[in-house]
There are 2 protein chains.
Amino acid sequence: MKTADEFCHLNVACEDCGLSRLCLAGELSQEEVKQLGQVMTCRAGVEKGDHLFHANDQFDTIYAIRAGTIQSYLLMGDGQEQITGFHLAGELLGLEAISSQHYLYHCKALERSSVCEIHFQSFSQLAHTLPKLQQQLLFIMSNELAHSNQFNQLFGKQSARSRLVSFLLNMSARFQHRGFSATQFHLSMRRCDIAHYMGMNIETVSRIFSQLQQEGLIAAKGRYLHLLDMRQLKKISLGFHSD
Amino acid sequence: MKTADEFCHLNVACEDCGLSRLCLAGELSQEEVKQLGQVMTCRAGVEKGDHLFHANDQFDTIYAIRAGTIQSYLLMGDGQEQITGFHLAGELLGLEAISSQHYLYHCKALERSSVCEIHFQSFSQLAHTLPKLQQQLLFIMSNELAHSNQFNQLFGKQSARSRLVSFLLNMSARFQHRGFSATQFHLSMRRCDIAHYMGMNIETVSRIFSQLQQEGLIAAKGRYLHLLDMRQLKKISLGFHSD
DNA sequence: CGTGGAATTGAGACGAATCAAACTGAGTGG
DNA sequence: CCACTCAGTTTGATTCGTCTCAATTCCACG
């Protein structure tokens, strides 16, 4: 995670960004990537707690995360944060605002982060001349739809235990996809955020962590996490009852 | 619903379709809509139980629902159908398959329906020459993302009662948006499908229906439904405890 | 070393799932 | 026309899991 943290200070151009394959640059040629660079600005040094945008703000910018973790959430009637997602490097934020022209939730950094601000109107015009760029956006949105649906299934019937393990495996896969370890990583959110995200309460999350630890399936020390038995964890996430 | 049923027999062209505002045609000019018509074929007479596609099938077609109701679902390990969505006239199916090139779930008709089959590759090429078409697809996908997120919130914390009422109000809003009554309509799915969709079991759904009926909030006769007290129902959907 | 936020652990309450049984209504055939 | 079936639905009794409330411990920070 050191390297990611260092990234936060730098204004790296698209063509030098290690995340371009996850991001809008995708399969673009070097020349095309340069054009893409002209409709965005890099905003390094987003500090912990800083907001990218708020719910109901006028939409004009898509954000690409270069480093760090961003949390999206809503404020409920009782003042509680209903967390709608945790977003990692390479992911885009604000896509669901294109149709309504207003952001649907608040987005704040869970740690020191770095983002690219993509002015959507300029981007859109550029995309008219670059079919590959248009296609890449389409792919990313399709992918988000797919994952969002997966998420829905997950939360249908399963027990809190299964769902929480699914969450951990999901984070694991996402870290792995970014070149980090699949079994050892640092969660940048609090237990309480996980709970609100999963629609559970803190105590339940905590209990399940303890339980998994006693069973030797994970080792958790604060926010550091070590997944010890992936096979068994995968079983649990699929709803099999371990003994 | 009669009119919708009659539609199922007709091969209406895009330019004559009452749903074009909900669909890909969107804000296209008459000439452009005709071009759109050339990359799609209308498939009338999809019978109850017919499948549009199955999970893991190779993706090549986006489906637009012209009339009827389509159910998307997955088959779980134990053979049960995990229902992932109910889709009404004007909605597009298959968008989440663009990135992986494989459909993610099964889609079957809950009643006699009618769909447009849009060959995606041809569509995609056409879209390169028609920016407005590209934009319309973008808007639709953004909208789906937004609704999918809304759905997630819904299912976070709330009680079965709140969630079920939310589901009914969601159906109501969608019917209204299509020009039907917001308070009286026919649900084309079984109680058991609703249950599986909402991640509850049949008995719970049935009990809540009975309960709402006793309280005079709804009148249900089989699959026909009459929402009697919208104000109160909205309160319940937001999590307020009625007495 | 003390403070406050976060996490853990325990005991009891409540809601939804499960198991079991009865009811309804559409369709079938004698 | 009635008896039968069968899928779908409703209702009741019980069990199980998660939430709630309360108390304690842990840890980062000044």
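Residues numbered from 1 in each chain as written. Chains lettered and ligands numbered in written order. Predicted model: local features only at pLDDT ≥ 70, side-chain atom pairs only at ≥ 80, totals over all residues. Heavy atoms only, no water.

Peer 1: I'd like to hear about the nonpolar core, residue by residue, with values.
Peer 2: One finds Leu-24 and Phe-123 of chain A together with Leu-24 of chain B to be the most contacted residues of the largest nonpolar core, which totals 84 residues. The residues contacting Leu-24 of chain A, other than those within four sequence positions of it, are Leu-36, Leu-92, Ile-118, Phe-123, Leu-133, Gln-136, Leu-137 and Ile-140 of chain A. (Core = buried A, V, L, I, M, F, W, Y, C linked by side-chain atoms within 4.5 Å. Buried < 20%, exposed > 50% of the residue type's maximum accessible area, 1.4 Å probe, protein only. Contact = heavy atoms within 4.5 Å.)

Peer 1: Now, about the packing of aromatic side chains: what can you tell me, with residues and values included?
Peer 2: Under the defined criterion, the tally for this structure stands at 20 aromatic pairs over all chains. Here Phe-53 of chain A and Tyr-103 of chain A contribute two aromatic rings whose centre-to-centre distance is 3.8 Å and whose plane-to-plane angle is 10°, an arrangement assigned as stacked. One end of the pair, Phe-53 of chain A, is in strand β2 (residues 51-53); the other, Tyr-103 of chain A, is in the loop between β6 (92-93) and β7 (106-109), and 50 residues separate them in sequence. Like Phe-53 of chain A, the residue Tyr-103 of chain A is buried in the burial classification. Through successive ring pairs, a cluster of aromatic residues spans Phe-53, Phe-59, Tyr-63, Tyr-103, Phe-120 and Phe-123 of chain A. Over the face of the ring belonging to Tyr-73 of chain A we find Lys-108 of chain A, whose NZ or CZ atom lies 5.1 Å from the ring centre. Seen from the ring of Phe-209 of chain B, Arg-191 of chain B lies directly overhead, with NZ or CZ sitting 4.2 Å from the centre. (Phe/Tyr/Trp six-rings, centres within 6.5 Å; stacked < 30°, edge-to-face > 60°. Helix = DSSP H or I, 4+ residues; strand = E, 2+ residues; numbered from the N terminus. Lys NZ or Arg CZ within 6 Å of the ring centre and 35° of its normal.)

Peer 1: Before we move on, can you summarise unusual backbone geometry with the specific residues and values?
Peer 2: In the Ramachandran plot, Gln-101 of chain A falls in the positive-phi region, its phi being about 65° despite a non-glycine side chain. When you line up the elements, Gln-101 of chain A lands in the loop between β6 and β7.

Peer 1: So what's going on with the sheet that holds strand β5 (residues 81-87) of chain B? Residues and values would help.
Peer 2: Residue and element names in this part refer to chain B. Spatially, β2-β7-β4-β5 is the arrangement adopted by the 4 strands of the open sheet, whose pairing is antiparallel. Strand pairing shows two members of the sheet lacking a second neighbour, β2 (51-53) and β5, which therefore form its edges. With direction set aside, neighbouring strand axes in the sheet form an average angle of 30°. Helix α6 (residues 191-198) rests against β4 (70-75) and β5 of the sheet, and its axis sits at about 100° to β5. (Pairing = 2+ DSSP bridges. Axes fitted to C-alpha atoms, helices over the stretch in contact; angles between N-to-C directions.)

Peer 1: Tell me about the pairing of strand β11 (residues 224-227) of chain A, and name the residues and values.
Peer 2: Residue and element names in this part refer to chain A. Side chains of β11 alternate between two faces, with Leu-225 and Leu-227 buried and Tyr-224 and His-226 left unburied. With 3 bridges connecting them, strand β9 (residues 184-186) and β11 associate as antiparallel partners. Considered in β11, the bridge of Gln-184 is made with His-226. Pairing between strand β10 (residues 218-221) and β11: 4 bridges, direction antiparallel.

Peer 1: Can you break down helix α5 (residues 160-177) of chain A residue by residue, with the values?
Peer 2: Residues and elements named next belong to chain A. The terminal C-alpha atoms of α5, which comprises 18 residues, lie 26 Å apart, in line with the 26 Å expected from a rise of 1.5 Å per residue. Buried residues dominate α5, accounting for 13 of its 18 residues. Among the residues trailing α5, Gly-179 stands out with phi positive, at a value near 90°. (Expected span 1.5 Å × (residues − 1).)

Peer 1: Before we move on, could you go through the packing of α5 of chain A against helix α8 (residues 230-237) of chain A and cite the residues and values that matter?
Peer 2: All names here are of chain A. At a minimum axis distance of 8 Å, the contact between α5 and α8 shows a crossing angle of 130°. Accordingly, the angle class assigned to the pair α5 and α8 is oblique. Handedness of the crossing formed by α5 with α8: left-handed. Here Arg-161, Ser-162, Val-165, Ser-166, Leu-169 and Ser-172 of α5 come into contact with α8, specifically with Met-230, Leu-233, Lys-234, Ile-236 and Ser-237. Here the residues of the contact of α5 with α8 are counted per class, giving 5 nonpolar, 4 polar and 2 charged. (Parallel < 35°, antiparallel > 145°, perpendicular 65-115°, else oblique. Left-handed = near helix turned anticlockwise from the far one by under 90°. Nonpolar A, V, L, I, M, F, W, Y, C, P; charged D, E, K, R; others polar.)

Peer 1: Account for the pairing of β5 of chain B, naming residues and giving values.
Peer 2: All names here are of chain B. Most of β5 sits out of view: 5 of its 7 residues are buried. Direction of pairing for β4 relative to β5: antiparallel, over a ladder of 6 bridges. For Leu-75, the partnering residue across the bridge sits in β5 and is Glu-81. Between β4 and β5, which pair antiparallel and follow one another directly, the connecting turn spans 5 residues, one of which, Gly-79, has a positive phi of 90°.

Peer 1: Any details on the relation of the copies chain B and chain A? Residues and values, ideally.
Peer 2: Between the two copies of the chain lies a rotation about an axis combined with a shift along it. For the pair chain B and chain A, the relating rotation is 180°, the translation along its axis is 0.1 Å, and the fit reaches an RMSD of 0.1 Å. Here the symmetry operator amounts to a two-fold rotation axis. Interface overlap between copies is the fraction of interface residues in one copy that are interface residues in the other; for chain B against chain A it reaches 100%, indicating a shared surface. (Least-squares fit on C-alpha atoms with pLDDT ≥ 70 in both.)

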